[in-house]
Structure formats: C-alpha cells, structure tokens
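Overview (structure and organization)
Here is what each chain is made of, one letter per residue.
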Amino acid sequence: MNIRAKHIFRIMITLAIVIGSSYIALRNINLDILISTLLNARYEWVVLSIPVMLVSHWLRALRWKTMLSPVVERPSILNMFSAVMIGYAVNNVIPKGGELMRPIIYARRDKVPLSTVMASMIVERFFFDAIMVLLFIAGVFIFQRADIEQAFPWFSWGQMLSVIGILSSIIILILIIAFFPALTDWLLKVTIRPFSRNLYERVHKLTDTFEHGFEVIKTPSQYLRLTLESFGIWLGYLFPMWIMMYSFDFQSRLNLDIIDATFLFSVGTLSQFTPAPGGIGVYHSLIQTSMVRIFGIMPEEALAYATLTHGINLIVCFIIGGAFFIYENRIEPLPKDLDEIEKETLG
C-alpha cells in the first residue's frame, strides 16, 4: 500500500468514526431545544474557565522544559509554549499531526536535535501522561464502577485490564531503553536481527538516538517537580469541566461535584485514543451517554455541555495556536501537510 493509499484509508477510517459517533450523539435530539440550551447558557462560567485551560497548557510547556533541562542548555519556555499550542491546534485538524509538528517547531527554534525532542515527547506521552491516565481511569473504575457499568454496560474489566496492560508494557519498554541499553541491544538481537538485519539496524539506531532524550528518567532530582507539574496539568484539564457545569440549569438541580466532573473527564479522555481529530464526535457521544444514563440529564442538555466544553478548548487552541503558527511560519516556513511533517520528522 503506497503513501497516498494509506492517507486515503486513514481519512476514510477517521470520517467513519466521526460520522458514526456524531450520529449516536445526535439521534433522537430535538435541535430546537439543543440550540436554545446553548443560547441560554451562562457564558461567564465559560470565560472563567479559559485562564485555567491556559495555565494547564503553560504547565505542559514548563514540564517539557523540566524534562529537557538535563540535556538542553537553557531551554526556552516561550518557544515550548508556542510549540505546544501549535501542536494542539494541528491535532484538531490532522489526527495526531500535532504530535509530529510540535517537536519540529521546538527543535528548529532552539536548535536542538530533533531526535532528542522526539524522545522527550515519547517519555511525556507514554510515561508521565500514561501514568496519569492510568491513575484517573483506575480510580474511576475502582470507586465508580457502578457508574461505568450503568453508562457503558458493554465495557468490561477485561477491556480495562487490556488497556492497562498495553500502557504498562510501553512504560516498561521505555524504562528498559533508558536504564538498560545493553539489555535493549540483546533483546533486539534476539527478536529482530534473526528475521531482518536491516530492520534491526534501523531500530537499534533509533533506540541509541532516543536514549539521550530519555535522560530525564535517570534524573531522580526532577521526579518530585515532574510529578507536581503533571498533577497541575491534569487538574487544569479537569477544573474547566466542573466550572462549565454552572453554565447550565442542570447544575442547580443536581449540584454535581468535582468527583462527577472527574468521572466525565476520565470518560472524555478515552476519545483522545481514537483517530478522530480532537476527539470530535467520540467525545460528544461519550459525555452525552454518561450524563444521560448516570445523572438523568436531558440528552439536549448533555450534548450542549459536551459541545461547549469541547468547543471552547477548540477555539482557544485555534486562536492561540494559530497566532503562534503564523509567527513561527514567518521565521521559517513550516510543514503544511502530513506528508511534509512525516518527511521532516523521519529525516
């Protein structure tokens, strides 16, 4: 399958997921009630949530700086924030495209080897973020298992353990590459080299290159700071969901608390594991289903809440990320599509 065919296949899969999940969210919805609910929402709470979102994004850049500080001299927090916001904006258009664009932008601006930056992002996504996601999801399943079974009766503990197993395996693999390079080389020789020497050489070169970017894992003095920054990031995602509940009438009836918001946040996070850009459609259907089945909220109110929480984050990322994109592009033209991004990333 050539590159063009792969891209067409990806687009078809993405469209199928977005259309299918959007249909689930919109079926049996009275559009007049939905529009009226959105128009009558109290948007002062939405405005109040925006600074909290921005703080969480800034903390992500700050944590990235902490991660790269052992290997990069005086990393620029502003350049990192610019790359983070552009990455978010691109993710909302090209599924996971921002994960490739973000390291390219920062590596160019601070003249850092792209492989080092890519490695730091792998550690960020599949180590620190993966651990936080596991904590949130495990907490929900342990303390709110009844809610999960009520909202999604088809979701089993077996599926949950599969997700935990996959993420845990990735975390263990990163730790092996970081702390045991000799063991990594031995595993590659045993599992890959007998079948393809060319593939072995490529993977071996990749692990050697990434080892430098994994340096933060071997810096215990940074553990506490990275942990606090990680909690700050995720709380910055969580609190806006709670704050924006006050935009709707259902909050005065139900008085949902931060625990309820945590449940919705954990459920909504699952949408980010799909190829839908920005989780669109999937996020809406997951949040709506949860609010209707667990809290007894009208489908129109639930969908309005999902639309608002998702939409405001989308708008903030597009405005700020777009502004940074224009600025960065004036300095040096940036990749404009997935082909260019992949070409530059793979070097």
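Along each chain, numbering runs from 1 in the same order as the chain's sequence is written. Predicted model: local features are reported for residues with pLDDT of at least 70 only, side-chain atom pairs are reported and counted for 80 or more only, and whole-chain, interface and lining totals are derived from all residues. Just so you know, side-chain values use all the structure's heavy atoms and leave hydrogens and water out.

1. Description of the overall build of the protein chain
Per the secondary structure count, the protein chain includes 16 helices and zero strands. Burial here depends on accessible area, computed with a 1.4 Å probe over protein chains only, as a share of the maximum for the residue type. Under 20% is buried, over 50% is exposed, and the range in between is partly exposed. When the 347 residues of the protein chain are sorted by exposure, 47% land in the buried category. Only heavy atoms matter for contacts: two residues are in contact if any of them lie within 4.5 Å across the pair. For the protein chain, contacts bridging at least 24 residues in sequence account for 73% of all contacts bridging at least 6. Element-wise, carbon and sulfur atoms account for 68% of the exposed surface of the protein chain, whose accessible area totals about 17,500 Å². Each helix is a run of DSSP H or I of at least 4 residues and each strand a run of E of at least 2, with the numbering of both proceeding from the N terminus. Surface accessibility follows the Shrake-Rupley procedure with a 1.4 Å probe radius. Residue values consider only the protein chains on display as shielding.

2. Examining the packing of helix α11 (residues 223-243) against helix α13 (residues 258-269)
Note on definitions: angles span 0 to 180 degrees between N-to-C directions of axes, and those axes are lines fitted to C-alpha atoms, for helices only across the stretch in contact. As a packed pair, α11 and α13 sit with axes 9 Å apart at the nearest point and diverge in direction by 115°. Our classification of the angle between α11 and α13 gives roughly perpendicular. Between α11 and α13 the crossing geometry is right-handed. For the pair α11 and α13, contact is made by W234, Y237, L238, F239, M241 and W242 and by I258, A261, T262, L264, F265 and T269, respectively. Residues were grouped as follows: Ala, Val, Leu, Ile, Met, Phe, Trp, Tyr, Cys and Pro as nonpolar; Asp, Glu, Lys and Arg as charged; and all remaining residues, including Gly, as polar. Classifying every residue of the contact of α11 with α13 by side-chain character gives 10 nonpolar, two polar and no charged. Each angle receives one of four descriptions, namely roughly parallel if under 35 degrees, roughly antiparallel if over 145, roughly perpendicular if within 65 to 115, and oblique otherwise. Put simply, a crossing is left-handed when the front helix is turned counterclockwise from the back one by less than a right angle, and right-handed when it is turned clockwise.

3. Some thoughts on unusual backbone geometry
Notably, K111 is not glycine yet its phi reads approximately 55°, a positive angle. Here K111 is to be found in the loop between α5 (97-110) and α6 (114-143). Unusually for a residue other than glycine, N255 sits at a positive phi of about 50°. Position of N255 among the secondary structure elements: in the loop between α12 (250-254) and α13. Looking at N255, the relative accessible area reads 55%, which means it is exposed.

4. Quick look at helix α14 (residues 282-295)
Multiplying one less than the number of residues by 1.5 Å gives the expected span of a helix. For α14, which comprises 14 residues, the first-to-last C-alpha distance of 19 Å matches the rise-based estimate of 20 Å (1.5 Å per residue) to within 8%. Counted residue by residue, α14 has 12 buried out of 14 residues, so it is predominantly covered. Those residues of α14 lying buried are V282, Y283, H284, S285, L286, I287, Q288, T289, S290, M291, I294 and F295.

5. Re the nonpolar core
Within the largest apolar cluster, 65 residues are counted, with the highest numbers of intra-cluster contacts made by W64, Y106, L264, M291 and Y305. When residues of this core are assigned to their parent elements, the largest contribution, 10 residues, is made by helix α15 (residues 299-331). Each residue touching W64, except ones within four places of it in the same chain, is listed here: M80, A83, V84, R102, Y106, V117, S120, M121 and E124. The next biggest cluster of nonpolar side chains, apart from the first, holds 10 residues, and it includes V123, L134, L167 and I171. The definition of a nonpolar core used throughout is a set of buried Ala, Val, Leu, Ile, Met, Phe, Trp, Tyr and Cys residues joined through side-chain atoms within 4.5 Å.

6. Quick word on the packing of aromatic side chains
Stacked, tilted and edge-to-face are the three classes applied to pairs of Phe, Tyr and Trp rings, where Trp contributes its six-membered ring and a pair requires centres within 6.5 Å; stacked means planes under 30 degrees apart, edge-to-face means over 60, and tilted covers the rest. All told, the structure shown has 11 aromatic pairs when counted by the stated rule. A centroid spacing of 5.5 Å and a plane angle of 80° characterise the contact between W234 and Y237, whose relative ring orientation is edge-to-face. Residue W234 and its partner Y237 are located together in helix α11, separated by three residues, close to a single helical turn. Residue classification places W234 among the buried residues on the basis of a relative accessible area of 7%. Plain terms: the ring middles of F239 and W242 are 6.1 Å apart, the flat faces sit at 55° to each other, and that makes the pair tilted. Linking F239 with W242, this pair stays in helix α11, spanning three residues, or about one helical turn. The partly exposed category is assigned to F239, whose relative accessible area is 32%. Pairwise contacts between aromatic rings join W45, F239, W242 and Y246 into one cluster.

7. Observations regarding the side chain of S271
Its location among the elements puts S271 in the loop between α13 and α14. Accessibility expressed as a relative area gives 0% for S271, which makes it buried. The residues touching S271, leaving out its near neighbours within four places in the chain, are G279, V282, Y283 and L286.

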